[in-house]
Amino acid sequence: MTHPFLDLAPLSAARFAAIEDRVARLLGTEQNVVIMQGEALLPLEGAIRGTAGPGTVALNVITGPYGQTFGDWLRDCGATVIDLAVPFHTAVTADQIREAFAEHPEIDFVSLVHAEAATGNTNPVAEIGEVVRAHGALFYLDAVASIGAEPVLPDAWGVDLCVIGAQKAMGGPAGVSAVSVSERAWLRMAANPRAPRRSYLSLLDWKERWIDGGRKALLHAPAQLEMLALEACVERIEADGLDAVMARHRAAALATRAGAVALGGGLEPYVYDSGEAAPVATTLRAPAGVVASEVVARALAADPALPLAAGGGALAKEMIRVNHYGVDASAGVVRGCLAALGAALAEKGLGVDVAGALRVVDAGWR
């Protein structure tokens, strides 16, 4: 018995390298791109552990839960960490980064999340990159949620380590991820005695055994199905056009925000300023006296396929998240989410206008 997912010919080094090249083109980068065989937490942690150590002074920007995780990793590496935390309903500004450098000119590493799908905000990386470059610090960026939903330009923005994943706006697999690495990031790793070696976390292993060897022999057997899925995902983006894919996500975000306001019942955007709202997912603040997780559970009971979730941890009481990314960045999905949320709120006795919300979505999508 044959199966399309089984008995495939081994993935060659040349095919693997060709997929890396396509991802590099997606990022518009001349830097080395390494596709790592695991979910994006693998290169996110590997990049920090490769470049940070006891002599590192890191500015760690916290605009959501991932920023908190990066700070933990940096401290575990022995780095001195200066946390810059802003409320989750907003974004960090370049001026705040500039002020942090003025207070701590010894900062030589900056970690930032581009778009926080968990909180629905997005940060102005281009402006922040100018500040970081002016001070010569290494710039580490988590672009896992933003790639495919908004521009991600590591070379133009001066990003030294840019990590992406395919499972959100790219509409691809979760089992592989990628990181673009600048020459000075490689030099920082090579000089770091604590950088992982002969380890699944090691980027230096990929550099020395894969890139420096002309990309002729892989380190280990690749995750074949995930690599083929990544290739298909990039092909689809290339066919549609990256600008069109990003426009679809932007339209979904704007329609969700406007539709939620029109729905009423006390539902409102969690991120106040639409310019600071991520196009990959929209977070909404539940009405006063209503538990967000209960509203989401009721909406999903009506349609389990809807990309709805409550906020994580303490945010489960107040935050509703509409994950309109990948194939879900569509008018139909946005309509379905708002209709289900409206029905759930109506059951709690709140006055909502589902028909009005859907009209707003339709008008905004055209």
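It should be noted that the structure appears before, not after, this text.
Residues numbered from 1 in each chain as written. Predicted model: local features only at pLDDT ≥ 70, side-chain atom pairs only at ≥ 80, totals over all residues. Heavy atoms only, no water.

Colleague: Just checking my understanding: could you explain empty space enclosed by the protein for this structure?
Modeller: The rolling of a water-molecule-sized probe over the atoms marks out the regions of remaining empty space. Overall, the coordinates contain 1 cavity of 30 Å³ or more when judged by the stated rule. In this structure, the largest cavity spans a volume of roughly 50 Å³. Among the secondary structure elements, those contributing two or more residues to the lining of the largest cavity are strand 8 (161-165) and strand 9 (177-181). When the residues that make up the lining of the largest cavity are grouped by side-chain class, the tally is 7 nonpolar, 2 polar and no charged. (1 Å grid on protein atoms, 1.4 Å probe; cavity = no way out; pocket = protein on both sides within 12 Å on 5 of 7 lines; lining within 4 Å. Points joined across faces, edges and corners; volume = space filled by probe spheres on them. Helix = DSSP H or I, 4+ residues; strand = E, 2+ residues; numbered from the N terminus. Nonpolar A, V, L, I, M, F, W, Y, C, P; charged D, E, K, R; others polar.)

Colleague: Is there a simple way to think about the packing of aromatic side chains in this case?
Modeller: Aromatic ring pairs are defined here through the distance separating the ring centres and the angle between the ring planes. On inspection of all chains with the given rule, the structure shows 6 aromatic pairs. Ring centres of Phe-16 and Trp-210 lie 5.4 Å apart, and the angle between their planes is 80°; on these two criteria the pair is classed as edge-to-face. Residue Phe-16 is located in helix 1 (residues 13-27), and its partner Trp-210 is located in helix 8 (residues 203-211); the two are separated by 194 residues in the primary sequence. Both residues of the pair, Phe-16 and Trp-210, count as buried. (Phe/Tyr/Trp six-rings, centres within 6.5 Å; stacked < 30°, edge-to-face > 60°. Buried < 20%, exposed > 50% of the residue type's maximum accessible area, 1.4 Å probe, protein only.)

Colleague: Before we go on, may I ask you to explain the pairing of strand 1 (residues 32-36) in this structure?
Modeller: The two faces of a sheet get side chains in turn, since along a regular strand they alternate between them. Among the 5 residues of strand 1, 4 are classified as buried, and the element is accordingly described as predominantly covered. Two strands pair when backbone bridges link them, and strand 1 and strand 9 are joined in this way by 5 bridges, in the antiparallel orientation. Paired with Asn-32 across the strands is Val-181, a residue of strand 9. (Pairing = 2+ DSSP bridges.)

Colleague: Looking at this structure, I do not really get unusual backbone geometry. What am I missing?
Modeller: Most peptide bonds take the trans configuration, and most residues that are not glycine carry a negative phi. Look at Arg-198: it is not a glycine, yet its phi comes out positive at around 50°. Following the sequence through the fold, Arg-198 ends up in the loop between helix 7 (183-190) and helix 8. Despite not being glycine, Arg-215 has its phi angle at roughly 55°, a positive value. On the secondary structure map, Arg-215 appears in the loop between helix 8 and helix 9 (224-240). Residue classification places Arg-215 among the partly exposed positions, given a relative accessible area of 25%.

Colleague: Would you mind going over the environment of Ile-97 with me for this structure?
Modeller: With respect to the helices and strands, Ile-97 occurs in helix 4 (residues 94-103). C-alpha of Ile-97 to C-alpha of Val-110: the two residues are 13 residues apart in sequence and 9.2 Å apart in space. When neighbours within four sequence positions are excluded, Ile-97 is seen to be in contact with Leu-59, Val-61, Leu-84, Val-92, Ile-128, Val-131 and Val-132. (Contact = heavy atoms within 4.5 Å.)

Colleague: What should I look at first to understand a nonpolar patch on the surface in this one?
Modeller: Among the surface-exposed residues, Phe-5, Leu-6, Leu-8 and Leu-225 lie close enough to one another that they form a single nonpolar patch of about 390 Å² accessible area. Within the element layout of this structure, Phe-5 appears in the segment before helix 1. On the basis of relative accessibility, which here comes to 55%, the residue Phe-5 falls in the exposed class. (Patch = residues over 30% accessible without salt bridge, like charges linked within 9 Å, V, L, I, M, F, W, Y side chains within 5 Å. Areas by Shrake-Rupley, 256 points an atom, 1.4 Å probe, with all protein chains shown as cover. Salt bridge = Lys/Arg side-chain N within 4 Å of Asp/Glu carboxyl O.)

Colleague: Whenever I open this one, the environment of Thr-256 confuses me. Can you help?
Modeller: Within the secondary structure, Thr-256 sits in helix 10 (residues 242-263). What makes Thr-256 buried here is its relative accessible area of 1%.

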